[in-house]
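Listed here are the chains, written in short residue letters.
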Amino acid sequence: MSPLLELRRVEARYGPIKALHGVSLTVADGEIVALLGANGAGKTTTLRAVSGTVRHTGEIVFEGKQIARGKPDAVARAGIAHVPEGRGLFTQLSVWENLRMGAYVRGERRTLRAEAPRVFKYFPWLERRRDQQAGTLSGGEQQMLALARALVGRPRLLMLDEPSLGLAPTVVQEIFRIVKELNADDGLTVLVVEQNANVALDAAARAYVLEVGQVAIEGQSAELRRHEGVRKSYLGY
Amino acid sequence: MRRWTTPVLQGLVLAGAALLIAVLPRFTSEFRLGQFTYVGIYFVALLGLNILTGYSGQITLGHAAFMAIGGYTAALLILGRSGFELLGQQASHVLPEHGMRAIFTIPIAGLVTGVIGCLFGIPALRLAGVSLALATLAVAVSLPAIAKRFEHLTGGGGGLSLPLPHAPFGWHLSTPHWLYYEAWVCAGILFVVAWLLVRGRVGRAWRAIRDGEVAAVSSGVSPAVYKTLAFGIAAAYAGVAGALFAIQVSYINPDTFPVTLSLLLLASVVIGGLASLSGVIVGAFVLEFLPIYAQSPPLVHLHFAKQAGPVVFGVTLMLIVLLIPGGAASLLGRVTRPVRAWASR
Amino acid sequence: MALPLAFTWTEFGQQVTSGLASGAIYASLALALVLIYQTTNVVNFAQGEMATFTTYVAWTMMHHGLSYWPAFVLTLLIAFGGGVTVERVLIRPVEHRPEIVIVILTIGLFIAINGLVGWVFGPEVKAFDSPFPNRSVVLGGVSISVQDIGTFGVCLGTVVALWLFFRLTTLGLAMRAVAFNPDASRLMGVRVGWMLALGWGFAAVLGAIAGMMAAPTVFLDPDMMLVVLIYAFAAAVLGGIDSPVGAVVGGLLIGVVINLLGAYVNFVGQELRLPTALAVLLIVLVIRPSGLFGRVVVRKV
């Protein structure tokens, strides 16, 4: 079976600075894949190349089709939800309005009616605080809202960029628990970028380690845990 | 490295231009000469505007209002109280008893307008970009209303008629010739002043502020001082141009310097090229001749309404902004590049 | 200051209500400016001229025998199309250029439309029909012209309709989202470019309404919206250029204050209304650059 998402020798640059030097990776349907690496290794850029927020060369194939270059709205409509660095919430809008925006991609009203109850099952507190302004939520709550907003649109692929950033360990645990649950319950496919390799490898079946814009190591999470270099550089033992 | 040829070349171009301006009246009708006089007057106004908008990066939609201040200053000084009463109007006591010779009113008009410009520049410091454009547009729109309201100083809507100017000191020059030389001598002097300002320390400070106020502050330039200065200088130029204009038409009323003139002035500067002194001359020609040629284009025997001028003007401005951001000056630069390259080889 | 006429509360009430009517017109145009500013970060100096043009279009249709309300609706549709076209054709290519460039572009549009209106329709002043009967109703001793009530109703009705649109519809929500965070909106699948064009379209509709409501009293001429535009700018800036509520409150406030100043302060009279309004505006700006309702932007050094 062909993978849901496949990157072949993808390159991307910010002006004169090349950030990706030919990244190749695959994500199969129903799988959680982690993307690890140091700061500036190109993890975020890889997600951005997929979602079209940075222009790329090389091939990105999603569900057997080349992805639109530099057109994030088209990529979103194709079924890829990208929760970016900094979460990209509409901080001046209410929690509920943020969720409405999540459903926009599939036609707001019908989607919201069908999907909101499902999402509230995972984040019951969201329903109680639906009229609160998103900017007034705590960091962890904002991250969960961003996740919930992405889920409302029923994506084929969810891309999370450092969901653990700046959050307390218990909150991080909670977020990854929900991601795993979603994966188990609905077969949600996830590509997650993480600095926190421990947490990511717990959740993911497979992982890629990026170094200076290229895939340096790849394998099953269990294998990577045993990998000498990964252990020293990313797991810290 | 700049070789000696570059300044020499620049000098030659300037000398050639000066010569051309000096001998032009010999080869042209008095009607055309009047048009070239307006080009000179617009040149002065646009120099000031380009200093403000092109070099210091502050937009103004009220340049014509400062021209009006200059024009009224000159008109009142030319008339004096006695002249004012001859028009059958009650004269204000602010005015001197007797009128002045027109030419002496020009620097005074520049000075007065410059001071008012500085005063306006101070509150304008708190406004950037759009707010500043609004405030200056507001001044341009309200000035005619103010002029009408203070009838005892401005003659109200009826305006002020000035005595027909003639060459001073017993010089043998017809009035149109005299006015032509008056305008262009002012233009020449103010061009040199602008050139010295722009290439010197002040010019560097303006550009630094324009390209990033924060960076300018950290390199020790005080934006407040230099921005206010730019406003003052631009206003002074406008004042001189307004005085020349009032003398040229020997009449002034609240609609002599309408809001549309302010907009057309800004348009001309952009069409000529922001932050380019050579673009200013192009802008001045465009401002004078584009509306005329738009009405009756050369080569084709068509005649359009007066409003064809503004339409062509507006469209030209939009096309320049969309297609040639540097304006005419950048085209000029492209054409003359081989020569300049040779000179600085 | 001496009062030019004996002060009575009914006279005062009349000044306030007629001020509210003109204020509603300023509010509409101010809201148009804010709408564009919020989404595209541009102040559209041609907004008033666009309104003038569409008002002439309405006049032409009525001149050719169409009755008022069909002409009104058709004009709004044409205005919408025009606004969208202007954004797509003129503003889109300069989206990422400095603010000053875009301002200059809208000034070019201003000059061109102003000239075009004079060229096509002639410079002479024309009368413009009002849809409202020319009589007054007396409310609590205050006589209010039906014209004023109608103007206020149409303008404020539009504002409320627009508010509901932005609150309740998917499209309205997406447009708000784009105004707050265009990058995130793109990730939600929103075609941001089209939302901006829609913003311009709605702004043109608001302008057209302001134009058609102003025309019966100020009469139709190529410069009819210039003063209205200045008041609308003043309203928008007073309210905070990025606040729709501020624009509406600012518009009404300016309409009333100008009317009262003109009526009760001898020095101001008819001629100095505009300069006085601007002086007030400048003072407000200097004291509080972000306006009454605007977000305070902290400049980092």
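Residues numbered from 1 in each chain as written. Chains lettered and ligands numbered in written order. Predicted model: local features only at pLDDT ≥ 70, side-chain atom pairs only at ≥ 80, totals over all residues. Heavy atoms only, no water.

Engineer: What is the right way to look at the overall build of chain B in this model?
Structural biologist: Within chain B one finds 15 helices and two strands. Here chain B has a C-alpha radius of gyration of 20 Å; the compact-globule value for 345 residues is 20 Å, and the two agree. Counting only C-alpha atoms and orienting by the principal axes, one finds that chain B spans roughly 65 × 50 × 40 Å. By the burial criterion, 52% of the 345 residues in chain B qualify as buried. Taking the intrachain contacts of chain B between residues at least 6 apart in sequence as the baseline, contacts between residues at least 24 apart amount to 76%. Summed over its atoms, the accessible surface of chain B is roughly 15,200 Å², and 70% of this surface lies on carbon and sulfur atoms. In chain B, 20 positive and 9 negative side-chain charges are present, and the distance between their average locations comes to 19 Å. (Helix = DSSP H or I, 4+ residues; strand = E, 2+ residues; numbered from the N terminus. Rg over C-alpha atoms; globule rule 2.2 N^0.38 Å. Buried < 20%, exposed > 50% of the residue type's maximum accessible area, 1.4 Å probe, protein only. Contact = heavy atoms within 4.5 Å. Areas by Shrake-Rupley, 256 points an atom, 1.4 Å probe, with all protein chains shown as cover. Lys, Arg positive; Asp, Glu negative; His and termini not counted. Charge placed at Lys NZ, Arg CZ, Asp CG, Glu CD.)

Engineer: Please explain empty space enclosed by the protein as it appears in this structure.
Structural biologist: To locate leftover empty space, one rolls a probe as large as a water molecule over the atoms. Throughout the structure, instances matching the rule amount to two cavities of 30 Å³ or more. Of the voids in this model, the largest cavity is the one considered here, and its volume is about 50 Å³. Around the largest cavity sit B:S131, B:L134, B:A135, B:A138, C:I230, C:F233, C:A234, C:L278, C:L281 and C:L285, which together line it. Mapped onto the lining of the largest cavity, the elements with two or more residues apiece are α5 (129–149) of chain B together with α9 (224–239) and α11 (273–287) of chain C. (1 Å grid on protein atoms, 1.4 Å probe; cavity = no way out; pocket = protein on both sides within 12 Å on 5 of 7 lines; lining within 4 Å. Points joined across faces, edges and corners; volume = space filled by probe spheres on them.)

Engineer: Can you help me understand the interface of chain A and chain C in this one?
Structural biologist: With 22 residues of chain A at the interface, the matching set in chain C holds 20 residues. Together chain A and chain C conceal approximately 1,900 Å² of surface at their shared face, both sides included; 63% is due to carbon and sulfur atoms. Sorting the residues of chain A by area buried against chain C places A:F90, A:M101 and A:Y104 first, and these three jointly supply 29% of that buried surface. In this structure, the connection of chain A to chain C is made through two salt bridges. Note that C:R176 is salt-bridged to A:E97, the shortest N-O span being 3.0 Å. Taken together, the links from chain A to chain C amount to eight residue pairs in polar contact (both at pLDDT 80 or more). Every element with two or more residues in the side of chain A that touches chain C is listed here: α2 (72–77), α3 (95–103) and α4 (108–122) of chain A. (Buried area = accessible area lost by both parts, 1.4 Å probe. Salt bridge = Lys/Arg side-chain N within 4 Å of Asp/Glu carboxyl O. Polar contact = N/O pair within 3.5 Å; in protein donor to acceptor, adjacent residues only side chain to side chain.)

Engineer: What is the right way to look at the pattern of salt bridges in this model?
Structural biologist: Pairs may arise between side chains of opposite charge once their charged atoms sit close together. All names here are of chain A. The tally for this structure, following the rule as stated, stands at 22 salt bridges over all chains. Taking the shortest distance from any N to any O, the salt bridge between K18 and E11 comes out at 3.0 Å. We classify E11 as partly exposed; its relative accessible area is 29%. In this structure, R206 engages E31 in a salt bridge whose closest nitrogen and oxygen atoms are separated by 2.5 Å. Taken together, the positions of R206 in strand β9 (residues 206–211) and E31 in the loop between β2 (17–27) and β3 (32–37) put the pair 175 residues apart, joining distant regions of the chain. Residue class for R206 comes out buried when judged on its relative accessible area of 14%. Connected via shared salt-bridge partners are E115, R118, R154 and D186.

Engineer: Help me understand the packing of aromatic side chains, please; the structure alone is not making it clear to me.
Structural biologist: Each aromatic ring pair is described using two quantities: the centre-to-centre distance and the angle formed by the ring planes. All names here are of chain C. Under the criterion given, the structure shown has 27 aromatic pairs over all chains. Centre to centre, the rings of Y56 and F121 are 4.6 Å apart; their planes meet at 25 degrees, and the pair counts as stacked. One end of the pair, Y56, is in helix α2 (residues 47–63); the other, F121, is in helix α4 (residues 99–121), with 65 residues separating them in the sequence. The class of Y56 is buried, set by a relative accessible area of 0%. Its guanidinium or amino end placed over the ring of W194, R88 lies 4.3 Å from that ring's centre, counting from NZ or CZ. It is K126 that lies over the ring of W59; its NZ or CZ is 4.9 Å from the centre. (Phe/Tyr/Trp six-rings, centres within 6.5 Å; stacked < 30°, edge-to-face > 60°. Lys NZ or Arg CZ within 6 Å of the ring centre and 35° of its normal.)

Engineer: Explain helix α1 (residues 9–40) of chain C to me, please; I cannot follow it from the model alone.
Structural biologist: For the α-helix, the turn length of 3.6 residues means that residues three or four positions removed from each other point alike. Its 32 residues give α1(C) an end-to-end C-alpha distance of 45 Å, which sits within 8% of 46 Å, the value for a rise of 1.5 Å per residue. Just downstream of α1(C), C:N41 is the residue with a positive phi angle, here 60 degrees. (Expected span 1.5 Å × (residues − 1).)

Engineer: What's the story with the interface of chain B and chain C in this structure? I'm lost.
Structural biologist: In many reports, interface size means the accessible area that the parts give up when they come together. Across the boundary between the two partners, chain B contributes 45 residues, which contact 43 residues of chain C. Of the roughly 3,700 Å² buried between chain B and chain C on both sides combined, carbon and sulfur atoms contribute 83%. The interface formed by chain B and chain C includes zero salt bridges. Between the two partners, chain B and chain C, sit one residue pair in polar contact (both at pLDDT 80 or more). Counting residues per element, the ones that place at least two in the side of chain B that touches chain C are α4 (102–124), α5, α9 (213–218), α11 (259–272) and α13 (308–323) of chain B. By residue number, the principal contributor to the side of chain B that touches chain C is α5(B), which donates 13 residues.

Engineer: Where do I start with the packing of helix α2 (residues 30–55) of chain B against helix α12 (residues 277–295) of chain B in this structure?
Structural biologist: Axes are the key here: two packed helices are described by the angle between their axes and the distance separating the axes. Residue and element names in this part refer to chain B. Running from amino to carboxyl end, α2 crosses α12 at an angle of 130 degrees, the nearest separation of the two axes being 7 Å. The orientation of α2 with respect to α12, classified from their angle, is oblique. For α2 against α12, the interelement crossing comes out right-handed. Here R32, Q35, F36, Y38, V39, Y42, F43, L46, L47, N50 and Y55 of α2 come into contact with α12, specifically with L277, V280, I281, G283, A284, F285, L287, E288, F289, I292 and Y293. The class makeup of the residues in the contact of α2 with α12 is 17 nonpolar, three polar and two charged. (Axes fitted to C-alpha atoms, helices over the stretch in contact; angles between N-to-C directions. Parallel < 35°, antiparallel > 145°, perpendicular 65-115°, else oblique. Left-handed = near helix turned anticlockwise from the far one by under 90°. Nonpolar A, V, L, I, M, F, W, Y, C, P; charged D, E, K, R; others polar.)

Engineer: Help me out: how do you make sense of the arrangement of the chains in this one?
Structural biologist: Most contacts, among the two pairs of chains that meet, fall between chains B and C. Structurally, chain A and chain B remain out of contact, their C-alpha atoms never closer than 21 Å.

Engineer: I'm lost on the sheet that holds strand β1 (residues 5–14) of chain A in this one. Help?
Structural biologist: Sheet strands line up and pair through hydrogen bonds in the backbone, either parallel or antiparallel. Residues and elements named next belong to chain A. Read from one edge to the other, the open sheet built from four strands follows the order β2-β1-β4-β5, with strand pairing classed as antiparallel. At either margin of the open sheet sits one strand with a lone partner, and together these are β2 and β5 (65–66). With six bridges joining them, β1 and strand β4 (residues 56–62) adopt antiparallel strand pairing. Within β4, the position partnered with R8 by the bridge is E59. The strands that helix α1 (residues 43–51) touches are β1, β2 and β4; relative to β1, the one it contacts most, it runs at about 105 degrees. (Pairing = 2+ DSSP bridges.)

The values are spatial; any link to function lies outside them.
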